[in-house]
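The lines below spell out each chain.
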Amino acid sequence: EPFVPHEQSDEHYVCIQNERDGEEIMFCHEGGVDVGDVDSKAVKLSVPVDEELSEEKLKAANLLKGVPAERVEKLSSFLVALFNVYRKLNFTYMEINPIVFTSDRNVVPLDLAAKIDETAAFLNSTQWGHIDLPAPFGRKEFPEEEYIRELDSKTGASLKLTILNHSGRIWTMVAGGGASVVYADTISDLGFGKELANYGEYSGAPSTEHTFEYAKTIISLMCRERDPRGKIFIIGGGIANFTDVAATFTGLIKAIVNYQDDLKKNHVQIWVRRAGPNYQEGLRLMRETAASTGLPIRIYGPETHVTAIVPLALGLADIKDFPEFDDESHAAKPLSRPKSSSMDVDDGDKVSEPLQPQKADHEADHEVENFSASTRCVVYGLQHRAVQGMLDFDFMCKREKPSVAA
């Protein structure tokens, strides 16, 4: 870092930090190591989240109070540019002390401390460059967590893993960010939060190989420490939108087969609940794996509630009340059919009235707007694979208007 010759009077202080309704800018005409109590000295300006910052607003707020007049224009321009960069790159805090106005009329930040919003990585990772973010929960990152993080950075899908308790009995491999929260909450609500070993999710149609690496990492961690009570491996998920269940299960099954001896030694019970595109094939492959390896694998599909396998796995529900996906009792259940209308065409053919939405128990207190053939959606975020899958489906269905509006 080059030396910047200057006087003490050339040093100033500036800080930008997030508030609930926007950002606050603090500026003090005095800066450096002897700045003292800046909270009492600095002039402050709050900028609401839906407003822009201009040089006129800076001057109207007298933010540069105490700064020589010949420096005001240059510093005002710099602060507006700095504020725009702060917002664009999703900083949450930035302090420059000192910021120096040199004799050749340049503004030079000599020392800067800043925080960024990690959740904005999908928007700003390329502008940020390589950043080593600290491990969550104030602890050292496991090598396996680092490996999954690196794997996640190399794919358009999402692969996340956080170890909560490496000695825990309950391990999860859940598809979808929302579903992962629901499963973790359910385990905790049932009183087994201390036994929950990990938190994470895989989503966004990961490849078979990436799913294999993700599953292999979780299984190797699960089998590292033995528990005389055995362990529980919950492979859950909701109804996928565009992830090929069979493709991801192929990678998962490969990991289970490779670690079948370790799974048996650790008395691991495997509970599966999944639905979505090609889910029947995925569950069938899992059934074949259970038969060929002899592992205790219980398998459920969309006919079973998304979190029903949690109390089953924990021994809090009767397994007889929840037949598996290929149980004959599902086929034996009569399908409910709408009542025929009175519009008789002839004795053997009746025209049915359009199906009417029926209120479920949880819908009794509010109205539900059901989707229709003309429903369209707005996709937030860079979900190009999801959008392309929906448009491909529209084409195959010969939909008049694309299901994605924006």
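As the structure is a computational prediction, the values presented were derived from the model and not from experiment. (Residues numbered from 1 in each chain as written. Predicted model: local features only at pLDDT ≥ 70, side-chain atom pairs only at ≥ 80, totals over all residues. Heavy atoms only, no water.)

### Brief notes about the overall build of the chain
Inference 1: Scanning the chain from N- to C-terminus turns up 13 helices and 14 strands.
Inference 2: Long-range contacts, defined here as pairs at least 24 residues apart, represent 65% of the contacts in the chain between residues at least 6 apart.
Inference 3: Per element, the accessible surface of the chain, about 23,800 Å² overall, is 53% carbon and sulfur. (Helix = DSSP H or I, 4+ residues; strand = E, 2+ residues; numbered from the N terminus. Contact = heavy atoms within 4.5 Å. Areas by Shrake-Rupley, 256 points an atom, 1.4 Å probe, with all protein chains shown as cover.)

### A few points about the packing of helix α5 (residues 143-153) against helix α7 (residues 208-222)
Inference 1: Put simply, α5 and α7 touch, their axes get as near as 11 Å, and they point 170° apart. Between α5 and α7, the angle falls in the class roughly antiparallel. Each of Glu144, Tyr147, Ile148 and Leu151 in α5 lies in contact with α7, whose residues at this interface are His210, Glu213, Tyr214, Thr217 and Leu221.
Inference 2: Of the residues contributing to the contact of α5 with α7, the split by class is 5 nonpolar, 2 polar and 2 charged. (Axes fitted to C-alpha atoms, helices over the stretch in contact; angles between N-to-C directions. Parallel < 35°, antiparallel > 145°, perpendicular 65-115°, else oblique. Nonpolar A, V, L, I, M, F, W, Y, C, P; charged D, E, K, R; others polar.)

### Here's the deal with the pattern of salt bridges
Inference 1: This model, assessed by the stated rule, comprises 17 salt bridges.
Inference 2: With its nearest N and O atoms 3.2 Å apart, the salt bridge here joins Glu30 to Lys41. With Glu30 in the loop between β2 (22-28) and α1 (38-41) and Lys41 in helix α1, this pair connects stretches of sequence that are 11 residues apart.
Inference 3: Bridged by salt links that share partners, the residues Arg287, Arg298, Glu324 and Asp326 form one connected network. (Salt bridge = Lys/Arg side-chain N within 4 Å of Asp/Glu carboxyl O.)

### Quick look at the packing of aromatic side chains
Inference 1: Using the criterion set out here, one finds 2 aromatic pairs in the structure.
Inference 2: With 6.0 Å between their ring centres and 20° between their planes, Tyr86 and Phe91 make a pair best called stacked.
Inference 3: Measuring from centroid to centroid gives 6.0 Å for Tyr202 and Tyr214, while their planes differ by 45°, and the two rings are tilted. Taken as a pair, Tyr202 in strand β9 (residues 198-203) and Tyr214 in helix α7 lie far apart in primary sequence, 12 residues in all.
Inference 4: Residue classification places Tyr214 among the buried positions, given a relative accessible area of 1%.
Inference 5: We note Lys115 situated over the ring of Tyr93; from NZ or CZ to the ring centre the distance is 5.9 Å.
Inference 6: Its end group placed over the ring of Phe212, Lys254 keeps NZ or CZ at 4.4 Å from the ring centre. (Phe/Tyr/Trp six-rings, centres within 6.5 Å; stacked < 30°, edge-to-face > 60°. Buried < 20%, exposed > 50% of the residue type's maximum accessible area, 1.4 Å probe, protein only. Lys NZ or Arg CZ within 6 Å of the ring centre and 35° of its normal.)

### Describing the pairing of strand β8 (residues 170-175)
Inference 1: Within β8, 6 of the 6 residues are buried, which leaves it mostly tucked inside the rest of the structure.
Inference 2: The sheet contact formed by β8 and strand β10 (residues 231-237) spans 6 bridges and is parallel. Note on β10: the bridge partner recorded for Thr172 is Ile234. (Pairing = 2+ DSSP bridges.)

### Focus: helix α8 (residues 245-258)
It helps to recall that an α-helix has 3.6 residues per turn; residues three or four apart then point in one direction.
Inference 1: Counted at 1.5 Å a residue, the expected span for α8 with its 14 residues is 20 Å, and the 20 Å between its end C-alpha atoms agrees.
Inference 2: Within the sequence span of α8, burial applies to Val245, Ala246, Thr248, Phe249, Gly251, Leu252, Ile253, Ala255 and Ile256.
Inference 3: Between a side-chain oxygen at the N-terminus of α8 and the backbone nitrogen of Ala246 the separation is 3.0 Å; the capping residue is Asp244. (Expected span 1.5 Å × (residues − 1). Polar contact = N/O pair within 3.5 Å; in protein donor to acceptor, adjacent residues only side chain to side chain.)

### With respect to the confidence of the model for the chain
Inference 1: Looking at the chain as a whole, its pLDDT mean stands at 85, while 88% of the residues score no less than 70.
Inference 2: Below pLDDT 50 for its whole length, residues 334-364 participates in 16 contacts with residues either more than four positions away or in separate chains. (pLDDT = per-residue confidence, 0-100.)

### Things to note about unusual backbone geometry
Inference 1: In this chain, Asn97 is followed by Pro98 through a cis amide linkage whose omega measures 5°.
Inference 2: By secondary structure assignment, the location of Pro98 is in strand β4 (residues 91-101).
Inference 3: If you check the backbone angles, Asn62 has positive phi at about 55° while not being a glycine.
Inference 4: For Asn62, a relative accessible area of 44% puts it in the partly exposed group.
Inference 5: In this structure, Ala205 is a non-glycine residue whose phi angle is positive, near 55°.
Inference 6: Here Ala205 shows up in the loop between β9 and α7.

### Comments concerning the packing of α8 against helix α10 (residues 279-293)
The axes of two packed helices give the description: the angle between them and the distance between them.
Inference 1: Contact pair α8 / α10: the axes reach a minimum separation of 8 Å and the direction vectors enclose 15°. Taken together, the axis directions place α8 and α10 in an arrangement best described as roughly parallel. Helix-helix and strand crossings are classified by hand; for α8 and α10 the assignment is right-handed. Two secondary-structure elements touch here, α8 through Val245, Ala246, Phe249, Thr250, Leu252, Ile253, Ile256 and Val257 and α10 through Tyr279, Glu281, Gly282, Leu283, Leu285, Met286, Thr289 and Thr293.
Inference 2: Its residues assigned to classes, the contact of α8 with α10 shows 11 nonpolar, 4 polar and 1 charged. (Left-handed = near helix turned anticlockwise from the far one by under 90°.)

### Some points on a nonpolar patch on the surface
Inference 1: Taken together, the side chains of Phe122, Leu123 and Tyr380 define a hydrophobic patch exposed on the protein surface, amounting to about 390 Å² of accessible area.
Inference 2: In this fold, Leu123 is placed in helix α4 (residues 121-128). (Patch = residues over 30% accessible without salt bridge, like charges linked within 9 Å, V, L, I, M, F, W, Y side chains within 5 Å.)

### Thoughts on the side chain of Thr248
Inference 1: The topology assignment puts Thr248 in helix α8.
Inference 2: Residue class for Thr248 comes out buried when judged on its relative accessible area of 1%.
Inference 3: At 3.0 Å, the side chain of Thr248 and the backbone oxygen of Val245 are in polar contact.
Inference 4: Residues within four places of Thr248 in sequence aside, it is in contact with Tyr202, Pro206, Thr211 and Thr243.

### Some thoughts on the nonpolar core
Inference 1: Counting residues in each nonpolar core, the largest one holds 38 residues, and the members touching the most others are Phe233, Phe249, Ile256, Leu263, Ile270, Val272 and Met286.
Inference 2: No other element matches the 7 residues that α7 contributes to this core.
Inference 3: For Val272, the contacting residues outside a window of four places in its chain are Ile235, Phe249, Leu283, Met286, Ile297, Arg298, Ile299, Tyr300 and Ile309.
Inference 4: By size, the runner-up hydrophobic cluster in this structure holds 28 residues, among which are Val72, Tyr86, Ile99 and Trp128. (Core = buried A, V, L, I, M, F, W, Y, C linked by side-chain atoms within 4.5 Å.)

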